[in-house]
Every structure is written in structure tokens, then in C-alpha cells.
Amino acid sequence: MPERATDMSRREKSAKTVVAEEGRRGRTPERRVQREGQSRDASLGKAMHQMPGQPGGLAKRGGEAAARAGHDEAELARGAQTDCGADDLLGQALARENMAAAWRRVKANKGSAGVDGRTVQDTAVYLKTAWPDIRERVLAGSYRPEPVRRVSIPKPGGGQRELGIPTVVDRLVQQALLQVLQPIIDPGFSEHSHGFRPGRGAHGAVLKAQQYVRAGHEVVVDVDLERFFDCVNHDILMDRLAKRVADKRVLGLIRRYLRAGILVHGTIMEREEGTPQGGPLSPLLANVLLDEVDRELERRGHLFVRYADDCNVYVKSLRAGQRVLQAMRRCYAKLSLKVNETKTAVAPVWGRKFLGYCLRHGPRGQVKLAIAVQAQEKVRHRLREITKRNRGRSMDQIVREINGYVPGWKAYFRLAQTPSVLRKLDMWLRRRVRAIQLKQWKTGPRTYWALRRLGAGEHLATAVARNVGSWWRSSWPVGSVLNQAYFDRMGMPKFS
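What counts, and where the lines are drawn
- Residues numbered from 1 in each chain as written.
- Predicted model: local features only at pLDDT ≥ 70, side-chain atom pairs only at ≥ 80, totals over all residues.
- Heavy atoms only, no water.
- Pairing = 2+ DSSP bridges.
- Helix = DSSP H or I, 4+ residues; strand = E, 2+ residues; numbered from the N terminus.
- Axes fitted to C-alpha atoms, helices over the stretch in contact; angles between N-to-C directions.
- Contact = heavy atoms within 4.5 Å.
- Buried < 20%, exposed > 50% of the residue type's maximum accessible area, 1.4 Å probe, protein only.
- Polar contact = N/O pair within 3.5 Å; in protein donor to acceptor, adjacent residues only side chain to side chain.
- Phe/Tyr/Trp six-rings, centres within 6.5 Å; stacked < 30°, edge-to-face > 60°.
- Lys NZ or Arg CZ within 6 Å of the ring centre and 35° of its normal.
- 1 Å grid on protein atoms, 1.4 Å probe; cavity = no way out; pocket = protein on both sides within 12 Å on 5 of 7 lines; lining within 4 Å.
- Points joined across faces, edges and corners; volume = space filled by probe spheres on them.
- Salt bridge = Lys/Arg side-chain N within 4 Å of Asp/Glu carboxyl O.

Attention now goes to the sheet that holds strand E9 (residues 310–315). Spatially, the four strands line up as an open sheet ordered E8-E9-E5-E10, and their pairing is antiparallel. For this open sheet the edge positions go to strand E8 (303–307) and strand E10 (345–348), each flanked by a neighbour on one side alone. Averaged over neighbouring strand pairs, the angle between their axes works out to 20 degrees when direction is ignored. Direction of pairing for strand E5 (residues 219–223) relative to E10: antiparallel, over a ladder of four bridges. When the bridges of E10 are listed, Val220 appears paired with Ala347. Strands in contact with helix H8 (residues 202–214) are E8 and E9; relative to E8, the strand with the most contacts, it is inclined by about 160 degrees. Where helix H12 (residues 318–334) meets the sheet, it contacts E5, E9 and E10, and its direction lies at approximately 20 degrees from that of E5.

As C-alpha cells, then:
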């Protein structure tokens with residue numbers, strides 16, 4: 001007992017010593033806990049109002065965190081703190097990690113300014129102070145999207161396509177909603193739908209069409225909808241969406257986006273229907289609406305491919321195709337959508353354009369993918385613009401522009417099984433660039449000596465120098481000098 005009493009006395013004395021030392025330092029145990037709590041609160045407050053740093057700059061922290069790149073968009077969105085449950089989709093959308101990913105996507109897209117005139121860079125500065133208020137209004141249901149700015153762009157086949165450009169803030173909120181809704185909604189879509197879906201794309205749609213034709217379905221029901229994105233019925237769309245999304249705040253926000261006005265020539269027009277192309281949510285909403293037609297086609301056992309509002313059904317006879325088209329007209333009518341009769345057809349599949357490709361007969365009954373004539377005309381038109389001889393641009397600038405266009409085009413059409421088309425495009429493009437080079441040499445003597453330095457013979461150099469001004473005609477014979485190796489040294493890409 002005396003030993004136990006002595007031990008307890010020692011412990012008591014030790015505890016008093018610790019408290020006394022803390023007191024001398026100005027930190028009682030209770031005060032230390034309080035200070036630690038304040039430190040955490042201050043840290044959280046700093047995250048709520050973090051100023052964006054330079055993109056790609058390293059965060060100044062020790063350990064592993066020091067190697068993490070501190071992106072301004074991540075810091076901007078990290079202020080969106082929320083305590084959300086599994087069913088709180090709006091809270092999940094506004095969570096700071098989701099907002100950081102949404103901002104990165106919006107920034108990478110480099111879209112135009114909306115009706116407020118703020119670019120992506122301007123919006124980053126604006127949101128430093130405005131985001132907490134915007135977020136609270138979105139959560140409270142009092143946020144009202146700005147009208148979209150209408151922009152018309154020419155269609156490849158003639159006419160104008162109308163786009164609606166939301167403000168960067170509205171694109172950010174829509175992108176955040178998309179990132180939460182797509183994983184929930186997308187798995188329920190038909191396997192025949194390929195447009196604007198994760199892990200799917202135009203190449204998968206084209207290959208599936210080729211597979212159907214190889215199986216003997218050589219007649220296509222090619223359906224085109226009339227002004228689809230401008231004619232979507234809001235009530236029907238929201239009814240279909242409500243069957244997939246339970247969060248009423250999300251549904252209310254999406255309806256407000258649908259009803260946001262359109263700024264046309266300085267006047268705001270009310271919108272009663274349509275989901276303008278240009279907003280991140282539009283493709284997902286289109287798939288929600290059109291999935292009903294997909295399910296009906298599946299129920300009837302048809303083979304088809306749909307990419308956004310382009311739907312091709314593959315059958316074995318023209319008569320069967322007409323029956324399918326009548327059924328599809330009825331399905332679309334239930335959704336208040338109208339078939340564009342001038343562009344819709346039931347016809348043999350050969351040569352009909354689908355997503356820039358077409359199908360051709362090959363040897364021994366093969367079905368080959370080819371580049372559609374319309375797509376070939378489009379690439380030539382774009383390259384004519386780049387290689388105009390009166391643009392006053394250096395060869396280096398022209399080659400850079402070609403490099404900014406051709407590799408992407410070539411990647412999209414990599415499935416094409418017609419190498420001769422690509423070789424012809426190469427020959428045509430090289431000749432146009434040769435004509436530019438000849439014009440930039442300007443005078444006869446300069447042209448003569450430039451060709452001689454490149455290895456041209458006396459006769460060729462003299463003949464071309466005497467015909468200064470006939471650049472297109474002279475661009476053919478100088479092909480032996482300004483050849484593929486010459487263009488390779490310039491860094492010009494090839495189609496083939």
C-alpha cells in the first residue's frame with residue numbers, strides 16, 4: 001500500500017509538472033486543443049478562398065505534396081465544400097473535387113465568351129470572389145442562368161447551323177452536373193447508341209455499320225431529324241429525365257437552363273423548346289430523349305446505329321426499309337420530333353455518307369470503309385483556305401497551320417481502306433505549297449538560283465524562271481526538286 005501511494009503521488013506530481021510547463025508556455029491542454037481547432041478552421045478558410053496560382057506551378061509543401069502540380073482551376077473549385085449524401089446529386093456536383101475537374105474541362109475547351117463578355121481567363125478572376133454566392137444560389141434554387149449567345153456557322157452541305165453559347169459560369173455548372181449525371185444515366189442507354197458517351201465514339205459506330213452490311217443487310221434507313229436541337233419539347237424531355245434522376249433540385253436547375261433565353265441581335269428571346277448545341281449538357285439530354293426510339297427499335301429486333309440525332313437502320317430489302325421508316329416516324333412523333341423528309345432516305349447502303357465515311361464494294365465481296373465525297377470536299381476546302389497565295393504568310397506559318405489541321409483529320413479517318421484517296425490528297429497539297437513557294441521567290445533570277453541550289457538542272461530552272469507568274473502551271477514540273485524529301489525537311493505532314 002505505501003508503494004502504491006508513493007506511485008500515485010509520483011504520477012500526480014508528473015501531471016502537475018506537465019500542466020505547469022504548458023502554463024509557462026501559455027498553452028493549457030484545453031487551450032492547445034482550441035488552438036489546433038482554430039488552425040484547422042483557418043486552413044479550411046484558406047482553401048475556401050484560395051487564390052489561383054500559375055498553371056502548372058508546384059505547390060510549396062513538404063513531402064509528397066510538394067511534387068503535386070498546383071493548377072489554378074483545381075484551387076478555384078476546391079472552395080466548393082459540401083456535405084452531401086448519396087442521393088444529393090446537386091451537392092455532389094458542387095463538391096470541390098468535382099468542380100475542379102469541371103473547371104479543367106471548361107478551360108481546356110477554350111470556348112468563346114457568352115452574353116456577359118467574360119472569357120475563360122476573365123471568369124477565373126471573377127469567380128475568386130463571386131463563386132461562394134453563385135454556389136449558395138444554385139443550392140437554394142434561386143440561381144438563374146444567363147441567356148445564351150446565338151452563333152450561326154455554315155453547314156458543309158449548305159445552310160446554317162445555330163449554336164447557343166452559354167456564359168463560362170453556366171458552362172462550368174453544366175459540366176459539373178454532367179460529370180455527376182452521366183455515370184448514373186449512361187449505363188441505361190442502348191448499346192446501339194454511340195454518340196457523346198464515355199468509351200464510345202464515331203469509329204465504333206462506323207465499324208458496327210460495316211459489320212451489319214457484311215452480314216447481308218445492304219439497305220439502310222437513313223433518318224435525319226429536322227432541327228433536332230432546336231425542337232426538343234421541354235416537358236417531354238423533363239418527363240423522361242425525371243424517370244432517371246430523383247433529385248428535384250437538379251431537375252429544376254436543368255429546366256431553368258432549358259428555358260434560358262437567347263440573345264439575338266441585342267434582343268433576348270424567350271425559349272419554349274430546344275436545347276441549343278454548345279452547352280455541355282445538351283448531348284446527354286439528347287440521348288435521354290432519343291433512347292426511347294432506340295428501345296423501340298431493339299424491341300422490334302432491328303440492327304441499327306445511332307450517333308446523336310443521326311440514326312441508320314440496316315435491313316435486307318427496300319420494302320422492309322419503308323416499313324421501318326413508317327414506324328420510326330410514329331416514334332419520333334410521340335416525342336414531338338419531325339423527320340426531315342428531304343434528307344431521309346431508304347436506299348442501298350453503297351456510297352451513302354455516315355459520320356464522314358461511306359461503304360464501298362471491294363474485291364471478292366469485301367465491304368470496305370472509304371472517305372465520303374463530302375468529307376473529301378470539306379478537307380480540300382479547308383486546305384485551300386490555308387494555302388491561299390495572297391495571304392501574305394511565310395512558309396513556316398503555312399506549314400504550322402497545315403500541321404494544326406491534317407494530323408487530326410488523318411486520325412479521324414484512319415479507318416479508311418482507300419489509300420489511293422490519301423495519296424491523291426498528298427499530291428494535290430504538295431502542288432499547292434509548291435505554287436506558294438514559287439510565288440514567294442518572286443523574280444526570275446531569284447527563282448532560277450533557288451532551283452539550282454536545290455539541284456534542278458539548267459533547262460528546268462531556266463524554263464520556270466522565264467514563266468514567273470504562272471505559279472500553278474510551274475508547280476508541276478518542279479515536283480522533281482520540291483519533292484517529298486523537301487517537304488519532310490519543312491516538317492509538313494502527309495495524308496498517306
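Further remarks concern the environment of Arg393. For Arg393, the position within the fold is in the loop between helix H13 (373–386) and helix H14 (395–412). Given the relative accessible area of 30%, Arg393 is considered partly exposed. The spacing of Arg393 and Gln440 is 47 residues in sequence and 9.6 Å in space, taken between C-alpha atoms. Residues in contact with Arg393, not counting those within four places in the same chain, are Ile398, Glu401 and Gln440. Only 2.6 Å separates the side chain of Arg393 from the side chain of Glu401, close enough to count as a polar contact.

This next bit is on the packing of aromatic side chains. Inspection of every chain in the model, using the stated rule, returns ten aromatic pairs. On the numbers, 5.7 Å between centres and 45 degrees between planes, the contact of Phe196 with Tyr307 is tilted. In this pair, Phe196 is assigned in the loop between helix H7 (168–185) and H8 and Tyr307 in strand E8, connecting sequence segments 111 residues apart. A centroid spacing of 5.8 Å and a plane angle of 45 degrees characterise the contact between Tyr357 and Tyr412, whose relative ring orientation is tilted. Linking Tyr357 in strand E11 (residues 357–361) with Tyr412 in helix H14, this pair joins segments that are 55 residues apart in sequence. Three or more aromatic residues joined by ring pairs make a cluster, and in this case those are Tyr357, Trp409, Tyr412, Phe413 and Phe495. The ring of Tyr126 is capped by Arg118, whose NZ or CZ atom sits 3.7 Å from the centre of that ring. Above the face of the Tyr405 ring, Arg382 is positioned so that its terminal group lies 5.9 Å from the ring centre.

Scanning all chains against the criterion turns up six cavities of 30 Å³ or more. Its volume calculated, the largest cavity comes out at about 150 Å³. Lining the largest cavity are 18 residues, and of these Gln174, Tyr257, Arg271, Pro276 and Ser282 sit closest to its centre. Residue assignment for the lining of the largest cavity shows that the elements contributing at least two residues are H7, helix H10 (248–259) and helix H11 (282–299).

Moving on to the pattern of salt bridges. Counted according to the given criterion, the structure contains 24 salt bridges. Here Glu296 and Arg299 are joined by a salt bridge, their closest N and O atoms 2.7 Å apart. Here Glu296 pairs with Arg299, and both are found in helix H11, just three residues apart, close to one helical turn. Accessibility expressed as a relative area gives 61% for Arg299, which makes it exposed. Ionic pairing is found between Glu458 and Arg452, a salt bridge with its closest N-O pair at 3.9 Å. For Arg452, a relative accessible area of 33% gives the class partly exposed.

Read these as spatial facts, not as claims about activity.
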